[in-house]
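What follows is each chain in one-letter form.
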Amino acid sequence: MIFYSINLAFFLIYSLFTNSYYKDRQAYFWLILIHLTLLLGLRSSIVGTDTPQYVSFYLAQNSGFNGNGTIVYSTVSNLINHLTNGNYHVFLFILSLVTVFCILKSVEIFSGDENLMFLSIYVYITFYFYFESFNIQRQMLAVSMVMLSMALLSRHRFVWSILMFTLAVGVHSTAIFAIVGFLIWFVKKSKLTFGIAIIIAALSNFFLASLLNNFSQIFDHYQMYTDAVLVSGGGTLILGIFLLAIACAAIFLTDILHDKVAGFTIFMTSIGAVLYIVGMRSQLIIRMADYFAIYSIVAVPQTVMAISRQFRGHKMVNLVLTTIVIFAGLTIFYYKLFNNLGEIIPYSINSI
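Just so it is clear, the structure is predicted and the values come from calculations on it, not from any experiment. (Residues numbered from 1 in each chain as written. Predicted model: local features only at pLDDT ≥ 70, side-chain atom pairs only at ≥ 80, totals over all residues. Heavy atoms only, no water.)

Student: What exactly am I supposed to notice about the overall build of the chain here?
Tutor: Within the chain, the regular secondary structure consists of 17 helices and zero strands. Across the 352 residues in the chain, those meeting the buried criterion constitute 57%. Across the chain, contacts joining residues at least 24 apart in sequence account for 78% of those joining residues at least 6 apart. Carbon together with sulfur atoms contributes 70% to the accessible area of the chain, which is approximately 15,300 Å² in total. (Helix = DSSP H or I, 4+ residues; strand = E, 2+ residues; numbered from the N terminus. Buried < 20%, exposed > 50% of the residue type's maximum accessible area, 1.4 Å probe, protein only. Contact = heavy atoms within 4.5 Å. Areas by Shrake-Rupley, 256 points an atom, 1.4 Å probe, with all protein chains shown as cover.)

Printed below as a string of C-alpha cells:
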C-alpha cells in the first residue's frame, strides 16, 4: 500500500510541475502514459486476482471459445506468444500499454480542455478504474476500447468508432452491453430523459441479472461470476452515491446538457453509478457498470468546471470543488487499498 501511495504522490508532484511549466501538453500525456504503463505492465504474475489465470491461459495458449477469450484477444495472445517465444511479461506489458493509451486518448478527445487532464487522470487512478486493470485486465482493455470508440464517434469518425467497438467485443464479449452508449449518444439530453435513464438503470437490477445469466450460458467462462456475491460492496456503494450526486449536480445546477459531449459523459456516468448502487453485491453487474462509470473520469472534471462558472468567484469555487473531488478520491482509493480489492497488494515487479 505504501508503494501505491508513493506512486500517487509522485504523480501529483510531477503533474503539478508539468502543468505549470510545460506549454506542450503532449509531454504531460506521454509522461503519464509511460508512468502508468510501467507500473501496470511490469507487475509480476501474482499481482491481481485474475493475473495468474491470464498468464496460465497465455502460456498454455488456451484459445477456445470459452477459454482464453474471444477471437481478437486470442489472436493477439497467440501472436505475442509466437513472436516472443511465450514471454508473458511482454504480453502483460502490451495489454497494459494499449489499455492506458486508449483511456488517455479518450480523455484527450472528450475533454476539449487540456487543463482538465490532471483531474481526469487523478479520478482514473483514485476512483480505482486504473487498478481494476491489475485484476480484470482483459475486461478493462475492452472498457478502454469502448470508451475510445465513443470518443471517436464524438469526432464523427463513424467507421473507426464501429471498428473499435467491434474489436472491443472481440476482446471481451461483455462489451456488447456497452452498445447502449450509441443510443445514449444520439438521444436528446434533457432533465426528462435523464430521469428516464436513471429509472431504467435502477429497474435494470430486476432483469439484468437474468439477462447476464443467459449470457453466461453462452459464454460459460463468465458462469463463475453469475452467482458470485461480493463480501464487501461498501467501496462500490460509496463510489456510486458520489458519482450520482455529481451527475445530479451537473444536470440541475448547470446548463451542461447544452454540450453534447459533456451531456453524454454525464448520462453514462449516472447509469454506471446507479448500477453500482443497485448491483453492489453482484460481481457481474458491477463489471457491467464499469462500461458506463468509466466516463466519470471525464464527467467529474467537466462538472467541476461547469458549476464553477455559475459563480462570480469561479476560481475559488473551482478550487473548493476540486479539493472535494481530491479528498473523495483519496477516501475511495484508501478504502479499496485497505481491503486489498483485486488483491493488488503486495506489489512486485516481474523477473525476466
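Student: Is there a simple way to think about unusual backbone geometry in this case?
Tutor: As a rule of thumb, non-glycine residues mostly have phi less than zero, and peptide bonds are mostly trans rather than cis. Here the bond from Ile345 into Pro346 is cis, since omega is 5 degrees, no more than 30 degrees from zero. By the element assignment, Pro346 lies in the segment after α17 (314–338). One non-glycine residue, Tyr128, lies in positive phi territory at about 80 degrees. Mapped onto the elements, Tyr128 comes out in the loop between α6 (117–126) and α7 (129–132).

Student: Just checking my understanding: could you explain the packing of α6 against α17 for this structure?
Tutor: For any two helices packed against each other, the geometry is given by the interaxial angle and the distance between the axes. The interhelical angle for the contact between α6 and α17, taken along N-to-C directions, is 20 degrees, at an axis separation of 9 Å. Between α6 and α17, the interaxial angle falls into the category roughly parallel. For the pair α6 and α17, the sense of crossing is left-handed. The segment α6 lies against α17, with Leu119, Tyr122, Val123, Ile125 and Thr126 engaging Thr322, Val325, Ile326, Gly329, Leu330, Ile332 and Phe333. Residue composition of the contact of α6 with α17, grouped by class: nine nonpolar, three polar and no charged. (Axes fitted to C-alpha atoms, helices over the stretch in contact; angles between N-to-C directions. Parallel < 35°, antiparallel > 145°, perpendicular 65-115°, else oblique. Left-handed = near helix turned anticlockwise from the far one by under 90°. Nonpolar A, V, L, I, M, F, W, Y, C, P; charged D, E, K, R; others polar.)

Student: Which parts of the structure should I look at to understand the packing of helix α4 (residues 71–84) against helix α5 (residues 88–111)?
Tutor: Across the interface, α4 lies against α5 with an axial gap of 9 Å and an inter-helix angle of 135 degrees. By the angle class used here, α4 and α5 are oblique. Taken as a pair, α4 and α5 cross one another with a handedness that is right-handed. Facing α4, whose interface residues are Tyr73, Ser77, Ile80 and Thr84, α5 presents Val90, Phe91, Ile94 and Leu95.

Student: When you look at the packing of aromatic side chains in this model, what are you seeing that I'm missing?
Tutor: Ring pairs (aromatic) are described by centroid distance and by the angle formed between their planes. According to the stated counting rule, one finds 21 aromatic pairs in the structure shown. One aromatic cluster in this structure is built from Tyr124, Tyr128, Tyr130, Phe131, Phe134, Phe333, Tyr334 and Tyr347. One cation-aromatic arrangement involves Arg138 over Tyr73; the distance from NZ or CZ to the ring centre is 5.2 Å. Positioned above the aromatic ring of Phe267, the side-chain terminus of Lys189 is 5.9 Å from the ring centre. (Phe/Tyr/Trp six-rings, centres within 6.5 Å; stacked < 30°, edge-to-face > 60°. Lys NZ or Arg CZ within 6 Å of the ring centre and 35° of its normal.)

Student: Help me understand α4 in this model?
Tutor: Since one α-helical turn is 3.6 residues long, residues separated by three or four positions face the same way. Taking 1.5 Å per residue, 14 residues should reach 20 Å; α4 reaches 20 Å between its end C-alpha atoms and fits that length. For α4, the complete set of buried residues consists of Tyr73, Ser74, Ser77, Ile80 and Asn81. Viewed along the axis of α4, the buried residues span an arc of 135 degrees, placing them on a single side of the element. Turned more than 90 degrees away from the buried face of α4, the exposed residues are Ile71, His82 and Leu83. Those residues of α4 that are buried lie in contact with α3 (51–60), α5, α8 (137–154) and α9 (158–171). Trailing α4 by a residue or two, Asn85 shows a phi angle of about 60 degrees, which is positive. (Expected span 1.5 Å × (residues − 1). Arc of directions from axis to C-beta.)

Student: Teacher, can you tell me more about the pattern of salt bridges here?
Tutor: Side-chain pairs of opposite charge can arise whenever the charged atoms involved come near each other. Enumeration over the complete set of coordinates arrives at two salt bridges. Two residues, Asp50 and Arg287, come together in a salt bridge whose shortest N-O distance is 3.3 Å. Of the two residues, Asp50 sits in the loop between α2 (25–41) and α3 while Arg287 sits in helix α15 (residues 283–293), which places them 237 residues apart along the sequence. According to the relative accessible area criterion, Asp50 is buried, its value standing at 11%. A salt bridge links Lys105 to Glu108; its shortest N-O distance comes to 2.8 Å. Highlighted residues: Lys105 and Glu108, both in helix α5, separated by three residues, approximately one helical turn. (Salt bridge = Lys/Arg side-chain N within 4 Å of Asp/Glu carboxyl O.)

Student: What exactly am I supposed to notice about a nonpolar patch on the surface here?
Tutor: A contiguous nonpolar surface patch, about 540 Å² in accessible area, is contributed by Trp30, Ile34, Leu38, Leu42, Phe101 and Ile349. By residue number, the principal contributor to the nonpolar patch is α2, which donates three residues. For Trp30, the position within the fold is in helix α2. The class of Trp30 is partly exposed, set by a relative accessible area of 44%. (Patch = residues over 30% accessible without salt bridge, like charges linked within 9 Å, V, L, I, M, F, W, Y side chains within 5 Å.)

Student: I would appreciate a short explanation of the environment of Val278 in the present structure.
Tutor: Its location among the elements puts Val278 in helix α14 (residues 260–278). Sequence separation between Val278 and Asn205 is 73 residues, and the spatial gap between their C-alpha atoms is 6.3 Å.

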